[in-house]
Amino acid sequence: MSFMLESALTLLFAVSMVSMISMIWKSRPVMAMLPLLVACLAALPLPGLSQPPPALPALNIDIAETSVSGISSGGFMSVQFQVAHSAIVKGAGVIAGGPYL
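These numbers were taken from a predicted model, which means no experiment stands behind them.

Caption draft 1: Local environment of the overall build of the chain. Helix and strand content of the chain: three helices and two strands. Within the chain, contacts between residues at least 6 apart in sequence are counted, and of these 39% link residues at least 24 apart. In the form shown here, the chain has an accessible surface area of approximately 7,800 Å², with 71% of it arising from carbon and sulfur atoms.

Caption draft 2: Broad picture of the pattern of salt bridges. Applying the stated criterion across every chain yields a total of one salt bridge. Lys90 is the partner of Glu65 in a salt bridge, and the nearest nitrogen-oxygen pair spans 2.9 Å. Of the two residues, Glu65 is situated in the loop between helix H2 (34–42) and strand E1 (66–71) and Lys90 in strand E2 (residues 89–95); the sequence distance between them amounts to 25 residues. The class of Glu65 is partly exposed, set by a relative accessible area of 48%. Here Lys90 falls in the exposed class, since its relative accessible area comes to 56%.

Caption draft 3: Inspection of the confidence of the model for the chain at higher detail. For the chain, the mean per-residue pLDDT works out to 76, and 61% of the residues sit at or above 70. Of all secondary-structure elements in the chain, the lowest mean pLDDT belongs to helix H1 (residues 3–24), at 68, while E1 reaches the highest, 92.

Caption draft 4: Structural view of the pairing of E1. Summarising the sheet, E1 and E2 pair through six bridges and their orientation is parallel. Residue Gly70 lies in a different strand from E2, and its bridge partner there is Val94. Between E1 and its parallel partner E2, the chain crosses via helix H3 (residues 73–84), and the hand of that crossover is right-handed.

Caption draft 5: Fine view of the environment of Gly91. Residue placement: Gly91 occurs in strand E2. A C-alpha to C-alpha distance of 4.9 Å links Gly91 and Ser67, two positions 24 residues apart in sequence. Once you skip the residues sitting within four places of it in the chain, Gly91 turns out to touch Thr66, Ser67, Val68 and Gln82.

Caption draft 6: Structural context of the side chain of Ser78. Position of Ser78 relative to the elements: it lies in helix H3. Since its relative accessible area comes to 1%, Ser78 is described here as buried. Those residues in contact with Ser78, other than ones at most four positions away along the chain, are Val68, Ser69, Gly70, Ala92, Gly93 and Val94.

Caption draft 7: Just unusual backbone geometry, in detail. Non-glycine residue Ser72 carries a positive phi angle of around 60°. Relative to the helices and strands, Ser72 resides in the loop between E1 and H3. Residue class for Ser72 comes out partly exposed when judged on its relative accessible area of 41%. Although it is not a glycine, Ala96 adopts a positive phi angle of roughly 60°.

What counts and how
- Residues numbered from 1 in each chain as written.
- Predicted model: local features only at pLDDT ≥ 70, side-chain atom pairs only at ≥ 80, totals over all residues.
- Heavy atoms only, no water.
- Helix = DSSP H or I, 4+ residues; strand = E, 2+ residues; numbered from the N terminus.
- Contact = heavy atoms within 4.5 Å.
- Areas by Shrake-Rupley, 256 points an atom, 1.4 Å probe, with all protein chains shown as cover.
- Salt bridge = Lys/Arg side-chain N within 4 Å of Asp/Glu carboxyl O.
- Buried < 20%, exposed > 50% of the residue type's maximum accessible area, 1.4 Å probe, protein only.
- pLDDT = per-residue confidence, 0-100.
- Pairing = 2+ DSSP bridges.
- Right-handed = clockwise from strand over helix to strand, strands pointing away.

This is how it looks when you write it as structure tokens:
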């Protein structure tokens, strides 16, 4: 099935669901069904997501020379990362961060 047809059918389904629920609950305005419509529209397939992404190129990186740094909340994260991966992280530069918790 083509992407356009799939998208049109999903949109039609979303609109029909809102209409049906609106008819069931006559006391509720259609705007009350807006969250359902948004949820159905969020389920629409996006173009290009059906194919896997291309492979990343190989980089000339020495994993033993890895370091991490951060400022403020990034400093907290860099400490957490350095402790969790201490076997491969050479060092951590922490500015205005905190200790390992």
